[in-house]
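Descriptive analysis of the structure
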Amino acid sequence: MIDMNHGSEAVYGGAANASVTGRINALIDDALLQRNRAQTPRTYLGGSRIGEPCARKLVYEYTRTALDAGKGFDGRTLRIFDAGHQFETLSIRWLRAAGFDLRTHRNDGEQFGFVTANGRIRGHIDGVIVGGPDIGVAWPVLFEHKALNSKSWTDTVKHGVQRSKPVYFAQLQIYMAYMDLGSALFTALNKDTQALHHEIVAFDARAAQALSDKAVDVLRAAEHGELPPRIAASPDFYLCRWCAYAQRCWEGAV
Ligand code: SF4
């Protein structure tokens, strides 16, 4: 009789598994990177990016300046983005099941969004809630979703989106301004536990105006071939250490 257990061990043992894992993951990551490369690059300043603290970085992004070597998205990051979209789909399904009339696409099938500054600033929103159970807001409200790791989610719950995630808060303000909405429902999902945090954010006209002015400054600088000042005096600044343009940005400056 064939020893099935022995055979299983030989085929599925630790070293063989590691090798299969490595090979399959490399194939998946290659496919994702290929898909990412095939996407048309943005020719506009995204509304979700205006809250980025460094205006110089926004100019690099808007002018499609090449990233520093080795700083492009890797397969793992692309998988995280894809997972974020799946979590968003789930949260939308749950909110609809709870009675919220959450719309994500127009009648023609296009995602809701806005275009301004002659097409140079654009944004696509996660959705708009036009009705539902009483949660103390007047409909319609902007809907924005983020899937966060546990640490980031806990910080958001503790401090609120404005303090914990100022870039997301800016995104909400810009989206409300251009979509003409007076409030937003920000939903954050904990990717480890699927716990949900919901926060109502009111439109802040002053904050939105400051962000809009900043976007105009970024466009003006980019179109005049100028680079705004660096956000820090040293490349050791935490935002510069993470920045994909740091080498280019600081070359010859220190
Ligand atoms: S390296 Fe720092 S200063 Fe330069 S673009 Fe990036 S964040 Fe801004």
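**Thoughts on the packing of helix H7 (residues 166-179) against helix H8 (residues 205-223)**
Direction vectors running N to C along H7 and H8 enclose 95°, while the axes themselves pass 9 Å from each other. In terms of orientation, H7 lies roughly perpendicular with respect to H8. Residues Ala-170, Gln-173, Ile-174, Ala-177 and Tyr-178 of H7 pack against Ala-207, Ala-208, Leu-211 and Ser-212 of H8. Its residues assigned to classes, the contact of H7 with H8 comprises seven nonpolar, two polar and no charged.

**Focus on the domain arrangement of the protein chain**
Split by domain assignment, the protein chain resolves into domain 1 (4-38) and domain 2 (45-250). The gap between the C-alpha centroids of domain 1 and domain 2 is 35 Å. Counting from both sides, the interface comprises six residues of domain 1 and, opposite them, seven residues of domain 2. Both faces considered, domain 1 and domain 2 share a buried interface measuring about 530 Å² in area, 56% of it formed by carbon and sulfur atoms. For Asp-82, the salt bridge goes to Arg-35, with nearest N and O atoms at 3.2 Å. Linking domain 1 to domain 2 there are two residue pairs in polar contact (both at pLDDT 80 or more). Residue classes in the side of domain 1 that touches domain 2 are distributed as three nonpolar, one polar and two charged.

**Details of the sheet that holds strand S8 (residues 196-202)**
Taken together, five strands build an open sheet; the order of strands is S2-S5-S6-S7-S8 and the sheet is mixed. The two strands at the open ends of the sheet, each matched to only one other strand, are strand S2 (102-103) and S8. Of the pairings in the sheet, the one linking strand S7 (residues 183-190) to S8 comprises seven bridges and is antiparallel in character. Paired with Phe-186 across the bridge in S8 is Glu-199. Against the sheet, helix H4 (residues 75-97) makes contact with S2, strand S6 (141-148), S7 and S8, and its axis sits at roughly 130° relative to S6, the strand it touches most. The sheet contacts of H7 involve S6, S7 and S8, and relative to S6 the element is tilted by about 155°.

**Some words on the pairing of strand S3 (residues 113-116)**
Across four bridges, the pairing between S3 and strand S4 (residues 121-124) is antiparallel. Counted as the bridge partner of Gly-113 is His-124 from S4. Counted along the chain from S3 to the antiparallel partner S4, the turn is four residues long, and its residue Ala-117 has a positive phi close to 50°.

**So, the pattern of salt bridges**
The full count for this structure, using the stated rule, is ten salt bridges. Of the charged contacts in the structure, one is a salt bridge between Arg-103 and Asp-101, with a shortest N-O distance of 2.7 Å. Overlapping salt bridges bring together Arg-49, Glu-52, Lys-57 and Glu-61 as one network.

**Considerations on the sheet that holds strand S1 (residues 45-46)**
In space, the three strands of this open sheet follow the order S1-S4-S3, with mixed pairing throughout. Two strands lie at the open edges of the sheet, namely S1 and S3, each paired on one side alone. Bridge count between S1 and S4: two bridges; the pairing is parallel. Residue pairing in the sheet places Leu-45 in a bridge with Ile-121 of S4.

**Considering the site of the ligand**
Around the ligand, the structure places Cys-54, Lys-57, Tyr-60, Arg-230, Ile-231, Cys-240, Cys-243, Ala-246, Cys-249 and Trp-250. When contributions to the shell around the ligand are tallied by element, the ones reaching two or more residues are helix H3 (55-62) and helix H10 (246-250). When residues in the shell around the ligand are grouped by element, the largest group, three residues, is from H10. Here the residues of the shell around the ligand sort into eight nonpolar, no polar and two charged.

Analysis parameters
All residue numbers here refer to positions counted from 1 along the written sequence of the relevant chain. Local features in this predicted model are restricted to residues whose pLDDT is 70 or higher, and side-chain atom pairs enter the listing and the counts only when it is 80 or higher, whereas totals over whole chains, interfaces and linings include all residues. Computation of side-chain values: all heavy atoms of the structure, hydrogens and water removed. To define axes, lines are fitted to C-alpha atoms, for helices over the stretch in contact only, and angles between the resulting N-to-C directions are given on a 0 to 180 degree scale. Note on conventions: DSSP H or I runs of at least 4 residues are helices, E runs of at least 2 residues are strands, and numbering of each starts at the N terminus. Between 65 and 115 degrees an angle is taken as roughly perpendicular, under 35 as roughly parallel, over 145 as roughly antiparallel, and anywhere else as oblique. Contacts: residue pairs with any heavy atoms within 4.5 Å of one another. Residue classes follow a fixed rule: Ala, Val, Leu, Ile, Met, Phe, Trp, Tyr, Cys and Pro count as nonpolar, while Asp, Glu, Lys and Arg count as charged, and any other residue, Gly among them, counts as polar. How far each domain reaches was decided by an automatic or database domain assignment. When two parts are put together, the accessible area they lose, computed with a 1.4 Å probe and summed over both, is reported as buried area. Take a side-chain nitrogen of Lys or Arg and a carboxyl oxygen of Asp or Glu: if they are within 4 Å of each other, that pair is a salt bridge. For this analysis, a polar contact is any N or O atom pair within 3.5 Å, provided that within protein one partner can donate a hydrogen and the other can accept it, and provided that sequence-adjacent residues contribute only side-chain to side-chain pairs. Being paired, for any two strands, means DSSP has found at least two bridges between them. Only a single heavy atom is needed: when it lies within 4 Å of a molecule or strand, its residue is near that molecule or strand.

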